[in-house]
Every structure is written in C-alpha cells, then in structure tokens.
Amino acid sequence: MAVDTTTYVPAPSRTSAYLDWLQMLTGAGLILFMWSHMILVASVIPTPRLMNAIAHFLEATYMAQVGGPIIACTFLLHFVLAARKVPFRVEQQSTIWKLSRQLRHTDTYLWLIQAVTAMVILIMGCIHMWTVLTDLPITAAKSAARIQGGFWLVFYLILLPMVELHVGIGFYRIAVKWGFARRKDRKSFKKLETYLTAIFVAIGLMALVRFLTLSV
Amino acid sequence: MGRRLKFNIFRYNPQDPDSVPHTDTFYLAETESMTLFIALTDIREEQDSSLQFDFCCRAGICGACAMMINGRPNLACKTLTKDLPDEITLMPLPIFKLIGDLSVDTGTWFREMNEKVESWVHTSKSFDPSADEERMDDAVAEEIYELERCIECGCCVAACGTANMRRDFVGAVAMNRIARFMLDPRDQRTEAEYFEIIGTDEGIFGCMGLLGCEDVCPKHLPLQDQLGILRRKMGWSAVKELFRFGK
C-alpha cells in the first residue's frame, strides 16, 4: 500500500537519465567487445599461430593487462546499472512470469532471457576472466589444454550461448529503446539480431572444436 | 460458422463480501460477424444477468471495453470471434481497479496520469473568443492528431511488463500524451519542464523497451517511435545540462 505522507516535493533530478545513458553505453561497449573478442578467439580456426601472434601483440602493448581489468569493471558496472530493472522481489518475479505466459509476447520473453542469462554470465564471466587474466600470457596451446580437460569444455558450452543471446538481445533492445530502430525497421532488426546471435554461436563452437582437436 | 464457443469468464464482485474470485463457463452458438460485444451481451441476456462488463460506443472509439482476451489486452467490440479459437478466456485488465467481473475503473488511473503529466496546453496567452483562431501548419496538425487518437483504453498499460511490476510507472499512454504536447506549438513548456515530468525512472527512463504497448495498441499508435524519440530527447536534455556552466 502506498500512502503519500510527505509534505515536500522531491527535488528534480537528472540521475535517472545519467544512469540510463551509462547502462546503454556500458552495454553497447560490452557488445562491441564481445563481438571483437569472439573474432580474436576465432583466429585459432585458420591457424593457432595467428591467435598466438594476436595474443602476443595485445600483451606486448599491455592492452590485455590494462584492458582486461577495465572490461571487468565495465562488466560489473553494467550489471549494477541493469539490475535496477531486474525484478528481485518475489512478487515482481511472479508478476512478470505470469504476464509473459499470458501475453505470449516475444519481446517480453526476450527480456526474461536477458535477465536470466545476465545472472549466469555474472558468475561464469567472472570465473572466466579470473582464470584467463591470472594466467597470462594467452596462448592457443594453453587454451586448448584447458578445453581438452573436459570441465572447461562444458563450462564454455554453457557460457557461449548465454553470452551471445544476451549480447544479441541487448543489441536489439538498445536499438528499439533509443529509437535507432523505428517501427518499420523493427522486423529487420530482429532478424539481424537472430542472425548475429546464430553466427557468433557458430563461430564460438567452431573455435571450441578447434581447441579440442589441437594437439597440445 | 456453426461453432459452439466456450467462454471462460472471470467472476468476482469486490462489493460483495461473499463473492470469491472464480471462473464461470458459458457456451454460445457462434453467429456470423459475431464480436465479443455481441457474445457478452447474448450471455448476459440469455444466461446470466449478473455478468458485469463495460461497453459504450461498440465501434472502437470509447475504449471502455478493453479486457484480457485469451491473455492479451484488446477491445472486445472490435474483436471478432471468428479470429479466436473455440475456447475464449476473458479476464479484466490488470493494474486498474476492479469494479466487478470484466469491468474495471480506468477513469481514476487516467485522471491521475493526466494530472501528473499536466495534460493540457500551457500558455501565458489569454484566450480571446472574438479573435480568429490561430493558424497551425497542416503537417504539424496531422502529426499531433496522430498521437491525439489515443482512446485511453488502458491496453498499453495492461500489456506493459514495467507497469505490471512497478505501479509508479506512468506507461506508454502518458509518454504519448507528453509527446503530443511537445509537438504542439501552442504549449509554451520548456524542455526542462517536460524533463521534470517525464525524465525519471517513473517516466521514460523506467521503460525497458519490451514493446508490449506497441504490439497491443488497438489504435496502432506509433508508441515505439514516440518512446524512442522521447528517450533521446530527454537523454540529450540531461547531457546538455551537464555541460552547461554557470547559469
């Protein structure tokens, strides 16, 4: 029950606007990062030497050592900002699930997927970043050894689709929320989102297979 | 034709202490061009005179007959039974106060919303009844009219994930309302004044872009476009303030 007991009017504030900007910008930044990250990892597919060369370049220029923690901070900041919208109360949870089932509305479902994948990515992404960044330099042989251990294969088979779904939906959501995709463009944006997600999952799977079959 | 329709209708009268929320089932023979308005009237006339639901214009203009039709909000008067399966489930709109069965009070909510967004032309000019009416560009008038077509049925609010979770969220209807006055050259409100009303988490920045509103609006108002425009406008307005030094 909401009873208005205040005798004052809250001062006008621009905080909501700034937080929304930050949420969008960190999101867009992470989308671009995830796509480039996937392409860099996929460099193992033609030859592991290419991947090693790229990894070496990123470490020699300290982009990995400095960029890694920056990405990790952006990742956590994006979580905190976006969590303002995630229903953590049981009542809100049951409301949104019931509504989605009732409406049978794709975009509402997509948002639920975004929220669920977010929680998985938060935990698994942290584990991934810790594991990789505390064991520099990155080499194709080290990655292959990890994947061939078995545990990490399962780990990445879960993390890969979670990330690509979250990133793809996020891309579409930013486009409709900020008016980049208008009513007439919505269908094609959604198609683009589906293709991008499918393509990046495919690239990721190919890279995993390559690591799995690489002789260490 | 010739179908036998099964109606599951939500029943509850909050005024009656003995009333318990439940579903009643009715059967009805489908007739040609049958709308839900015709079907509900038939059920009330022939089967249960206590059934409560709202209707006024029967032509998709007044917005009184919005209800959840097989889970989706829509106007009962413009929904043809031939577009629905044999089994039809009718529930009242969520969020709004239940009057009884399928009838909800959208009026109180909309009054509050209109007061919150100050849904009228703000001008310092005094009205002169003997003067010629002020001219308005045709294109602007058309643009305003496009948004003015809202019938305040409440479908966009009922389909909104955000509004369902957070009761302080104003919903697409309020943003559409504000967008209409922003277009109106007679309204002298500044961007900062609009921002104060709508540039919050209860307003445009609370919108999560699920687009339930866009997809259920029975009048097909361009809600997605308006929400996008508004978010950008309000977003830039905040950024401009950030870089404004001194006064």
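Residues numbered from 1 in each chain as written. Chains lettered and ligands numbered in written order. Predicted model: local features only at pLDDT ≥ 70, side-chain atom pairs only at ≥ 80, totals over all residues.

K.L.:
Account for the overall build of chain B, with residues named and values stated.
P.N.:
Across its full length, chain B carries nine helices and seven strands. C-alpha extents for chain B along the principal axes are approximately 70 × 40 × 35 Å. Residues counted as buried form 38% of the 247 residues belonging to chain B. Long-range pairs, those at least 24 residues apart, make up 65% of the contacts in chain B between residues at least 6 apart in sequence. (Helix = DSSP H or I, 4+ residues; strand = E, 2+ residues; numbered from the N terminus. Buried ≥ 20, exposed ≤ 12 C-beta atoms within 10 Å, placed from the backbone. Contact = placed C-beta atoms within 7 Å.)

K.L.:
Account for the overall build of chain A, naming residues and giving values.
P.N.:
Scanning chain A from N- to C-terminus turns up eight helices and zero strands. Tracing chain A from N to C terminus, the helices and strands come up as α-α-α-α-α-α-α-α. The principal-axis extent of the C-alpha atoms belonging to chain A is close to 70 × 35 × 35 Å. Residue pairs at least 24 apart in sequence account for 81% of intrachain contacts in chain A once pairs closer than 6 positions are excluded.

K.L.:
A description of the interface of chain A and chain B should follow, citing residues and the corresponding values.
P.N.:
Tallying the contact residues gives 28 residues for chain A and 30 residues for chain B. Considering every element that reaches the side of chain A that touches chain B, the biggest residue donor is helix H4 (residues 90–103) of chain A, with six residues. For the side of chain A that touches chain B, the per-class residue count stands at 11 nonpolar, seven polar and 10 charged. (Nonpolar A, V, L, I, M, F, W, Y, C, P; charged D, E, K, R; others polar.)

K.L.:
How would you sum up unusual backbone geometry? Please name residues and give values.
P.N.:
Note that the residue after Leu136(A), namely Pro137(A), is joined by a cis bond; omega there is 0°. With respect to the helices and strands, Pro137(A) occurs in the loop between helix H5 (106–133) and helix H6 (140–148). Notably, Ser33(B) is not glycine yet its phi reads approximately 50°, a positive angle. Relative to the assigned elements, Ser33(B) resides in the loop between strand S2 (22–29) and helix H1 (36–46).

K.L.:
Outline the sheet that holds strand S5 (residues 87–91) of chain B, supporting the account with residue identities and numerical values.
P.N.:
All names here are of chain B. Reading across the sheet, the five strands line up as S2-S1-S5-S3-S4 and stay open at both edges, with mixed pairing between neighbours. Sheet topology places S2 and strand S4 (72–75) at the edges, where each strand pairs with a single neighbour. Each adjacent strand pair in this sheet contributes to an overall mean axis angle of 35°, direction not counted. As defined by bridge partners, strand S3 (residues 66–69) adjoins S5 across two bridges and the pair is classed as antiparallel. Note that in S5 the partner of Ile 69 across the bridge is Leu 90. Lying on the sheet, H1 is in contact with strand S1 (4–11), S2 and S3; it crosses S2 at an angle near 105°. (Pairing = 2+ DSSP bridges. Axes fitted to C-alpha atoms, helices over the stretch in contact; angles between N-to-C directions.)

K.L.:
Describe in detail the confidence of the model for chain B, supporting the description with residues and values.
P.N.:
For chain B, the average pLDDT comes to 92, and 98% of its residues sit at 70 or higher. Complex prediction metrics read pTM 0.87 and ipTM 0.85. (pLDDT = per-residue confidence, 0-100.)

K.L.:
A description of H1(B) should follow, citing residues and the corresponding values.
P.N.:
Residues and elements named next belong to chain B. Looking at H1, one finds that the buried residues are Leu 36, Ala 39 and Leu 40. End-on, the buried residues of H1 take up no more than an arc of 95°, which puts them together on one face. Away from its buried face, by an angle of more than 90 degrees, H1 presents the exposed residues Glu 45 and Glu 46. (Arc of directions from axis to C-beta.)

K.L.:
Could you give an account of the nonpolar core, naming the residues involved and the relevant values?
P.N.:
Among the nonpolar cores identified, the biggest contains 80 residues, and Cys156(B), Met175(B), Ile178(B), Ile198(B) and Cys213(B) are the most heavily contacted of them. Of all the elements, helix H7 (residues 151–177) of chain A adds the most residues to this core, at 10 residues. Here this core gathers at least three residues from each of two domains, domain 1 (4–104) and domain 2 (117–242) of chain B. Excluding residues that lie within four positions of it along the chain, Ile198(B) makes contacts with Val117(B), Met175(B), Ile178(B), Gly203(B), Ile204(B), Leu230(B) and Met234(B). (Core = buried A, V, L, I, M, F, W, Y, C linked by C-beta atoms within 7 Å. Domains from an automatic or database assignment.)

K.L.:
Explain the domain arrangement of chain B to me, and be specific about the residues and the numbers.
P.N.:
All names here are of chain B. Its domain assignment divides chain B into domain 1 (4–104) and domain 2 (117–242). A separation of 30 Å is found between the C-alpha centroids of domain 1 and domain 2. Every contact between the two is made by 15 residues of domain 1 and, on the other side, 12 residues of domain 2. Broken down by secondary-structure element, the contributors of at least two residues to the side of domain 1 that touches domain 2 are S3 and S4.

K.L.:
How would you explain the packing of helix H3 (residues 63–82) of chain A against H5(A) if you had to name every residue and give the values?
P.N.:
Residue and element names in this part refer to chain A. Relative to each other, H3 and H5 sit at 165°, their axes nearing to 11 Å. By the criterion of interaxial angle, the relationship of H3 to H5 is roughly antiparallel. Note on packing geometry: the crossing formed by H3 with H5 is left-handed. In contact with Gly 68, Ala 72, Phe 75, Phe 79 and Ala 82 of H3, H5 contributes Ala 118, Leu 122, Gly 125, Met 129 and Leu 133. Of the residues that constitute the contact of H3 with H5, the class distribution is eight nonpolar, two polar and no charged. (Parallel < 35°, antiparallel > 145°, perpendicular 65-115°, else oblique. Left-handed = near helix turned anticlockwise from the far one by under 90°.)

K.L.:
Residue-level account of helix H8 (residues 186–213) of chain A, with values.
P.N.:
Each full turn of the α-helix corresponds to 3.6 residues, which orients residues three or four apart in the same direction. Residues and elements named next belong to chain A. Given a rise of 1.5 Å per residue, 28 residues ought to cover 40 Å, and the 41 Å separating the end C-alpha atoms of H8 matches this to within 8%. For H8, the complete set of buried residues consists of Glu 193, Thr 197, Phe 200, Gly 204, Ala 207, Arg 210 and Phe 211. Looking at the buried positions of H8, the neighbouring elements they touch are helix H1 (15–41), H6 and H7. (Expected span 1.5 Å × (residues − 1).)

K.L.:
Could you give an account of the pairing of S5(B), with specific residues and numbers?
P.N.:
Where S1(B) meets S5(B), four bridges bridge the pair, whose relative direction is parallel. Along S5(B), the bridge assignment pairs Asn8(B) with Thr89(B).

K.L.:
So what about the environment of Asn8(B)? Which residues, and what values?
P.N.:
Residue and element names in this part refer to chain B. Secondary-structure assignment places Asn 8 in strand S1. When the 14 C-beta atoms within 10 Å are taken as the criterion, Asn 8 is described as partly exposed. Sequence-wise, Asn 8 and Glu 87 are 79 residues apart; in three dimensions their C-alpha atoms are separated by 7.5 Å. With sequence-adjacent residues up to four places away left out, Asn 8 is seen in contact with Thr 23, Thr 25, Glu 87 and Thr 89.

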